[in-house]
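In case you want the letters, here they are:
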Amino acid sequence: VTGGSRGIGLMIAQGFVSAGANVYLTSRDAKACQSAAETILGQTKCGSQRDLVGDVHHGPSNVSSREGCKALAEEVSKVFGGRLHVLVNNAGTSWGENLERESGRANWGW
């Protein structure tokens, strides 16, 4: 889950883990990733249903560039043995440009 350290991304990661999925959450801030993972694990490791809950992996990444995306893909591939079932692309940023303008930044400059 990119952008998984807070807000909607964190809620998505929590939902997947509580449903039994193993999740890799990421954002640009390593401490925020660790804190989010600890929060999720703290919420899900309680109770009698622990065996039905997934696990959380985390690490920082910057998916604003092609290189950052490739690095994240390589890391996730290592963590999950080359298998990925769901990608939640939740990371986002705004540079304050009007939607009508076509500067190329909307396409990440690729």
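Fair warning: this is a prediction, and the values are worked out from it, not measured in the lab.

**Student:** Quick question: what am I supposed to make of the overall build of the protein here?
**Tutor:** Counting its regular elements, the protein contains three helices and two strands. Along the protein, helices and strands appear, N-terminal first, in the series α-β-α-β-α. Expressed as a percentage of the 110 residues in the protein, the buried residues total 27%. Across the protein, the fraction of contacts at a sequence separation of at least 24, relative to all contacts at a separation of at least 6, is 65%. Carbon together with sulfur atoms contributes 50% to the accessible area of the protein, which is approximately 7600 Å² in total.

**Student:** Explanation requested: helix α3 (residues 66-79) in the structure shown.
**Tutor:** One turn of the α-helix equals 3.6 residues, which is why residues spaced by three or four share an orientation. Helix length check: α3 (14 residues) gives 20 Å between terminal C-alpha atoms against 20 Å at 1.5 Å per residue, within 8%. Against β1 (23-27) lie the buried residues of α3. Count one or two residues on from α3 and you reach G81, which has phi positive near 65°.

**Student:** Quick question: what am I supposed to make of the nonpolar core here?
**Tutor:** Burial of nonpolar side chains together is a common tendency in soluble globular proteins. Grouped together as the largest cluster of nonpolar side chains are 13 residues, with contacts concentrated most on V1, A13, V17, V23, L25, I40 and V56. Secondary structure elements with two or more residues in this core: α1 (7-18), β1 and α2 (30-44). A total of four residues in this core trace back to one element, the largest contributor, which is α2. Discounting residues that sit within four places of it in the chain, V56 has contacts with V17, V23, L25, A37, I40 and L41.

**Student:** How should the side chain of S61 be read in this particular structure?
**Tutor:** Note on placement: S61 falls in the loop between β2 (56-60) and α3. The class of S61 is buried, set by a relative accessible area of 13%. Polar side-chain contacts of S61 include one of 2.6 Å to the side chain of T26.

**Student:** Quick question: what am I supposed to make of the side chain of S27 here?
**Tutor:** As for its placement among the helices and strands, S27 is situated in strand β1. Among the polar contacts made by the side chain of S27, one reaches the main-chain amide nitrogen of D29 at a distance of 3.3 Å. Those residues in contact with S27 that sit more than four places away from it in its chain are S5, A32, C33, G59, P60 and S61.

**Student:** Could you clarify how one ought to interpret the environment of N90 in this entry?
**Tutor:** Of note, N90 is situated in the segment after α3. Each C-alpha atom, one on N90 and one on G7, is 9.9 Å from the other, the two residues being 83 residues apart in sequence. Residues within four places of N90 in sequence aside, it is in contact with T2, G3, I8 and G9.

**Student:** Just checking my understanding: could you explain the environment of S27 for this structure?
**Tutor:** When its relative accessible area of 12% is taken as the criterion, S27 is described as buried. Along the primary structure S27 and T2 are separated by 25 residues, whereas in three dimensions their C-alpha atoms are 6.0 Å apart. At 3.3 Å, the side chain of S27 and the side chain of S5 are in polar contact.

So, how was this worked out
- Within any chain, residue numbers begin from 1 and follow the written order of that chain's sequence.
- Whole-chain, interface and lining totals are the exception, using all residues; otherwise, since this is a predicted model, local features are given only for residues with pLDDT of at least 70 and side-chain atom pairs are given and counted only at 80 or more.
- Water and hydrogen atoms play no part in the side-chain values, which are based on all heavy atoms of the structure.
- Numbering of helices and strands starts at the N terminus; helices are DSSP runs of H or I of at least 4 residues and strands are runs of E of at least 2.
- Categorising residues by exposure relies on relative accessible area from a 1.4 Å probe, with only protein chains included: less than 20% of the type maximum marks a residue as buried, more than 50% marks it as exposed, and the intermediate range marks it as partly exposed.
- A contact between two residues is defined here by any heavy atoms of the two lying within 4.5 Å.
- Each accessible area is a Shrake-Rupley estimate made with a 1.4 Å probe; only the visible protein chains count as cover when residues are assessed.
- Any helix carries an expected span of 1.5 Å times its number of residues minus one.
- Nonpolar core, defined: a set of buried Ala, Val, Leu, Ile, Met, Phe, Trp, Tyr and Cys residues in which side-chain atoms within 4.5 Å join the residues together.
- Under this definition, polar contacts are N or O atom pairs within 3.5 Å; protein pairs additionally need one hydrogen-donor-capable and one acceptor-capable atom, and for neighbouring residues in sequence, both atoms have to be side-chain atoms.

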